[in-house]
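Commentary on secondary and tertiary structure
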Amino acid sequence: HDELFLQHGTPCRGEASADDLKALLRALAPSLLWLDMKAPWAPGHGLGGHGPRVDDGRQSAPWEELQRCARLRVALLPEGVSVAALSGLASCQQLELLHVEADGRSPQPLSVLEPLARTGGFARLDIDGFALDEAASDAVCALANRLTIRGGQPFPRARLAACTRLSELSIRRSVVEDDLMALLPLKGTLRSVHLSPEEPLDPEALSVFGCLTGLRALNLSGCLRNTYEYGEGVV
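Residues numbered from 1 in each chain as written. Predicted model: local features only at pLDDT ≥ 70, side-chain atom pairs only at ≥ 80, totals over all residues. Heavy atoms only, no water.

**Details of the overall build of the protein chain**
Convention followed: Under the scheme used here, helices are H or I runs from DSSP no shorter than 4 residues and strands are E runs no shorter than 2 residues, and both carry numbers assigned from the N terminus. Partly exposed residues are those whose accessible area sits between 20% and 50% of the maximum for their type, while under 20% is buried and over 50% is exposed, using a 1.4 Å probe and protein chains only. Surface accessibility in these figures is a Shrake-Rupley result with a 1.4 Å probe; residues are shielded only by whichever protein chains are displayed.
Helices and strands together make up the secondary structure of the protein chain, namely seven helices and 13 strands. By residue count, 46% of the 235 residues in the protein chain fall in the buried class. Carbon and sulfur atoms make up 50% of the accessible area of the protein chain, which amounts to about 11,400 Å² in all.

Dropping the structure here:
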């Protein structure tokens, strides 16, 4: 077998322990190409909420076995996967897609992928489920093609300039025109922007997007405000 799927709708019943999954991953490690382990920890997993249950939870899941999967190309992992497990992926030099679920909690900080940036060999890796943070080095910023900017920290303008291959950006925080100006150095690579500000966006700030000549998708649905509540000066 070169693929392992544990997904919603899987027609199976019973319980699976972390030890069971650890043994399974270890047995498949030499040939595993595609791993989807998002669903086993999702609420109500399976048909009617009666699907298989992993009794030990995320934190004791068998993530240390990932470093043995040298041929792994796709890794779809649940929210809460440990930093140590992500570091172990540095040995998976054929990895093409890394997705980490972020439903119900903040995305993992990009800086947790520093081990992958240090080893090299991941120049074309597609990543999803990570947020840009000030601790991220230039090397790991250059690795990222899809990122989120969340609230609770200053807008990471300097870090954005280092994201030289960034193609998709989701901004989940309030922004001003000066913040959006930080996107201009990325106009050659940025293809998609999704805005969900915490506060109403100044309509004048939207003029920045006219300078992003490579942009193909602009999602402003998170910016729309009811004029009855916010007045006519909002988008």
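**Observations regarding helix α1 (residues 18-28)**
Rule in force here: To be clear, the arc concerns the directions from the helix axis to the C-beta atoms.
Within the span of α1, buried status applies to A18, L21, L25 and L28. The buried residues of α1 occupy one face: seen down the axis, they fall within an arc of 95°. Away from the buried face of α1 by more than 90 degrees, exposed residues D19 and A27 are located.

**Some thoughts on the state of the cysteines**
So the rule is basically this: Cysteine sulfur atoms are paired as a disulfide whenever they come within 2.5 Å of each other.
Enumeration according to the criterion identifies zero disulfides in this entry. C69 takes part in no disulfide bond, and the closest cysteine sulfur to it belongs to C92, at a distance of 6.0 Å. The class for C69 is buried, based on a relative accessible area of 0%.

**Focus on a negative patch on the surface**
Filter applied, for reference: Note on patches: the residues involved have over 30% relative accessible area and no salt bridge, like charges join within 9 Å, and the nonpolar side chains Val, Leu, Ile, Met, Phe, Trp and Tyr join within 5 Å. By salt bridge we mean one thing: a side-chain nitrogen of Lys or Arg within 4 Å of a carboxyl oxygen of Asp or Glu. Charge assignment: positive for Lys and Arg, negative for Asp and Glu; neither His nor the chain ends contribute. One atom stands in for each charge, and that atom is NZ of Lys, CZ of Arg, CG of Asp or CD of Glu.
A surface patch of like charges, here negative, comprises E177, D178, D202 and E204. Residue classification places E204 among the exposed positions, given a relative accessible area of 58%.

**With respect to the pattern of salt bridges**
Counting across every chain of the model gives seven salt bridges. Between R68 and E65 there is a salt bridge, and its shortest N-O distance comes to 2.7 Å. Among the residues examined, E65 registers a relative accessible area of 1% and is labelled buried. For R146, the salt bridge identified is with D126, shortest N-O distance 3.0 Å.

**What to know about the side chain of R159**
What counts, and what does not: Any pair of nitrogen or oxygen atoms within 3.5 Å is treated as a polar contact; in protein, a donor-acceptor pairing is required on top of that, and neighbouring residues in sequence qualify only through side-chain atoms on both sides.
Tracing the backbone through its elements, the reader meets R159 in helix α5 (residues 157-161). A distance of 2.9 Å separates a polar side-chain atom of R159 from the backbone oxygen of A136.

**Section: the pairing of strand β12 (residues 192-195)**
The two faces of a sheet get side chains in turn, since along a regular strand they alternate between them. Applicable threshold: Following DSSP output, two strands are said to pair if at least two bridges run between them.
Pairing analysis gives four bridges linking strand β11 (residues 168-172) to β12, with the strands arranged parallel. Note on β12: the bridge partner recorded for S170 is H194. One ladder, built from three bridges, connects β12 with strand β13 (residues 217-219); its direction is parallel. Bridge pairing in β13 links V193 to L218.

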